[in-house]
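Observations on chain architecture
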Amino acid sequence: VPTSTFSSSSSSSHPLPTTLSELSRKRQSLQARYSLPTTASTTESEAKLFRCAAAEGELAIIQEGYKNGVDINAQDTNPHNQRTALHWACIKKHSPVIEYLLNQQARFDIVDAQGKLAWEYVLDTSLIELFRSAHTQLLTTYNISVPTLSLSSTINTCMSKLLRRAAANGRLAEVRYCCEVWKNN
């Protein structure tokens, strides 16, 4: 499990369960609420439960799913939304879940059926800071030197390099993300 890189002062609205039976009850509650299968677990049913847990802010179920190998970037198969767990956490403003997903390297360059990236659903300043941190990590991933200045002051010096590398690697959604950040800063 990757180490935590981002931080938030928010506390979870859903405290972590203290026992396995409590976690099991939370799983069953989500399965019933969203009409998910309760018997044979499939990759898709576990991914769907993971996305529902993100929408409900159920961090313990998210952590359990990640630990058990659920694809954190899996998109809903519904052609009308195609959202990831990160999209749902952003839509519902569950900052502890957003923070956890970003810490586990959730991709924030995936677009949903409406053509939106997860961060586009975020209007809260403290949540946007989580994405600013993830943006800095993206710069680091591509080995781009990032001065220890605010994001706004690094945009002009780093963005064209980042855009070229993202485009060269076929990461068009990252290119779009970078353009949006550049435009808004």
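The notes below deal with the structure included here. Note that the structure is predicted; figures quoted are calculated from it, not measured.

**Re helix α2 (residues 43–56)**
- In this model α2 runs 20 Å from its N-terminal to its C-terminal C-alpha over 14 residues, within 8% of the 20 Å that 1.5 Å per residue would give.
- Taken across its 14 residues, α2 has 10 buried, putting it largely inside the fold.
- Residues of α2 that are buried: Ser-45, Glu-46, Ala-47, Leu-49, Phe-50, Arg-51, Cys-52, Ala-53, Ala-54 and Ala-55.
- Tucked into the core, α2 has its buried residues touching α1 (20–33), α3 (59–67), α4 (85–91) and α5 (95–103).
- Following α2 by one or two positions, Gly-57 adopts a phi angle in the positive range, close to 75°.

**Brief notes about the packing of α2 against α3**
- Look at α2 against α3: their axes get within 8 Å of each other, and the N-to-C directions meet at 150°. Comparing their axes, α3 and α2 come out roughly antiparallel. As for the relative orientation of α2 and α3, their crossing is left-handed in sense. When α2 is examined against α3, the residues Leu-49, Phe-50, Ala-53 and Ala-54 are found in contact with a partner set consisting of Ile-61, Ile-62, Gly-65 and Tyr-66.
- Residues belonging to the contact of α2 with α3 are distributed by class as follows: seven nonpolar, one polar and no charged.

**A closer look at the nonpolar core**
- One finds Ile-62, Leu-86, Leu-101 and Phe-131 to be the most contacted residues of the largest nonpolar core, which totals 41 residues.
- Elements with a contribution of two residues or more to this core: α1, α2, α3, α4, α5, α6 (125–141) and α8 (172–184).
- Here this core gets seven residues from one element, more than from any other, and that element is α2.
- Here Leu-86 is in contact with Ile-98, Leu-101, Leu-102, Ala-106, Arg-107, Phe-108, Ala-118 and Phe-131, once residues within four sequence places are set aside.

**Examining the environment of Ala-85**
- Counting through the fold element by element, Ala-85 comes out in helix α4.
- Overall, the relative accessible area of 1% leaves Ala-85 in the buried class.
- Taking C-alpha positions, Ala-85 is 6.6 Å from Ile-72, a pair spaced 13 residues apart along the chain.
- If we skip the residues at most four places from it in the chain, Ala-85 touches Phe-50, Arg-51, Ala-54, Ile-72, Ala-74 and Leu-101.

**Digging into the pattern of salt bridges**
- Within this structure, the stated rule accounts for seven salt bridges.
- Among the salt bridges present, the one from Arg-51 reaches Glu-44, with a minimum N-O distance of 3.0 Å.
- Among the residues examined, Arg-51 registers a relative accessible area of 3% and is labelled buried.
- Take Glu-44: its relative accessible area is 33%, and that puts it in the partly exposed class.
- With a closest N to O distance of 3.2 Å, Arg-83 and Asp-112 form a salt bridge. Linking Arg-83 in the loop between α3 and α4 with Asp-112 in the loop between α5 and α6, this pair joins segments that are 29 residues apart in sequence. Neither Arg-83 nor Asp-112 differs from the other in exposure class; each is buried.
- Several salt bridges share partner residues, and in doing so they unite Arg-27, Glu-46 and Glu-64 into one network.

Reading the values: rules and limits
Residues numbered from 1 in each chain as written. Predicted model: local features only at pLDDT ≥ 70, side-chain atom pairs only at ≥ 80, totals over all residues. Heavy atoms only, no water. Helix = DSSP H or I, 4+ residues; strand = E, 2+ residues; numbered from the N terminus. Expected span 1.5 Å × (residues − 1). Buried < 20%, exposed > 50% of the residue type's maximum accessible area, 1.4 Å probe, protein only. Contact = heavy atoms within 4.5 Å. Axes fitted to C-alpha atoms, helices over the stretch in contact; angles between N-to-C directions. Parallel < 35°, antiparallel > 145°, perpendicular 65-115°, else oblique. Left-handed = near helix turned anticlockwise from the far one by under 90°. Nonpolar A, V, L, I, M, F, W, Y, C, P; charged D, E, K, R; others polar. Core = buried A, V, L, I, M, F, W, Y, C linked by side-chain atoms within 4.5 Å. Salt bridge = Lys/Arg side-chain N within 4 Å of Asp/Glu carboxyl O.

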